[in-house]
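Take a look at the letters that make up each chain.
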Amino acid sequence: NESPSIPVDPLEPYDLQAFSTISASSEYLQETGQYKAKNVADSYLGIPYDHSDYLIWRPKPWDNSPWLQLEWLEPVRIHSIQIYDHPELQKNVISGNVTAYFLDGTSQSYVFGQLPDSGEAPLTLLTSELSNRPVRQIKFSDFIFERELGVSEIIVQGTRLSTRDSLTPGLNLVKYAAISDVTSTLNPHYPNTDTGDHRSFFTQDGDSDTSWVANYQDFQPSITFSFDLPYCVETIELFDLAGSDVSFTKATIGINDATEDIVKTKEASESAITIHLPNTLRSNVRRIKITIEGSNPSYFMGLMDVNILSCQSRIFTSSESQEYSILNFS
């Protein structure tokens, strides 16, 4: 049987992929491109081929059973799925499967056909079953393709549900957050091997080899994490960039629309700081804005990783769900 669930906003579909954690059977990471799974949710559509190296997902060439998966912390109802192909002509997905894993433990697979070549337009999948049953995750697999497999973007439109189940205390929520705002990113649009790849979503991957770096002379860079459901957040951990010449010395944390921010200082020798939210700010967290400052404005600043740790889940009542409004990211 399905767990008791209450629709948060049954009438207003929105982009669900921004609030999912994305994984793959493999990622083709090499000097000429970093084809990470997360690239399918980076909002870059219609990518010119000569700029595609960092902006699409590709599995390793020797991956004989490639798959790509999107998973949500809370169940969703899916209205449509759009898949964008590899941006280079003749590197085309001919067919594949998408499997939906439902809240009740069952699953259902659907076959999709050829994607429009060059990734300029999507193939749109519609199924009434996905919109009528709560889904935990979807998995793309069994690809048949010409020359080389690559997916440039996946857009999942639908609505969200909130379960009554409690979250595991200390669960890292950052990978289920959307980065709704960032003041600057070093070479954000077409990263390459000369300047490196420093996009903001690297704060969510838990990888010490990747990081978000702001532009030079952005003296107070900030990054904002947003949730489409409110959560109880107890602790925020900020990990500094590696190296002695890049360091922040103060972090300011803004929670939702609270009038008072949390300010935490950091010694240059510290690689990370931990911020414990006061009880008055822990519940109903939907937006976290992190602003950092350094003692030497001539250095680049940024964050290697961010952890956002839960205390317990937020429980909705029927009246509260009627008042819930969806965040709009432009």
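Residues numbered from 1 in each chain as written. Predicted model: local features only at pLDDT ≥ 70, side-chain atom pairs only at ≥ 80, totals over all residues. Heavy atoms only, no water.

Let's shift gears to the pairing of strand E10 (residues 135-145). Working note: regular strand, side chains alternate between the two faces of the sheet. Examined bridge by bridge, strand E6 (residues 68-85) and E10 share 5 bridges and lie antiparallel to one another. By the bridge assignment, valine 76 is partnered in E10 with valine 135. Looking at chain direction, strand E7 (residues 93-102) and E10 are connected through 8 bridges and run antiparallel. From the neighbouring strand, phenylalanine 102 faces E10, where its bridge partner is valine 135. (Pairing = 2+ DSSP bridges. Helix = DSSP H or I, 4+ residues; strand = E, 2+ residues; numbered from the N terminus.)

What follows covers the sheet that holds strand E16 (residues 250-255). Strand order in the open sheet formed by 5 strands is E12-E14-E19-E16-E17, and the pairing between neighbours is antiparallel. At either margin of the open sheet sits one strand with a lone partner, and together these are strand E12 (178-182) and strand E17 (262-265). Across the sheet, the mean angle separating the axes of adjacent strands is 20° when strand polarity is ignored. In this sheet, strand E14 (residues 222-231) lies alongside E12 in antiparallel orientation, the contact comprising 4 bridges. Within E14, the position partnered with isoleucine 179 by the bridge is phenylalanine 225. (Axes fitted to C-alpha atoms, helices over the stretch in contact; angles between N-to-C directions.)

Attention now goes to the confidence of the model for the protein. Across the protein, the average pLDDT comes to 82, with 82% of residues at or above 70. Per-element mean pLDDT across the protein ranges from 37 in helix H3 (residues 318-323) up to 96 in E16. Counting interchain partners and residues more than four positions distant, the pLDDT-below-50 stretch residues 1-7 has 20 contacts. Contacts from residues 315-330, a stretch scored under 50 in pLDDT, to residues over four places away or in other chains number 33 contacts. (pLDDT = per-residue confidence, 0-100. Contact = heavy atoms within 4.5 Å.)

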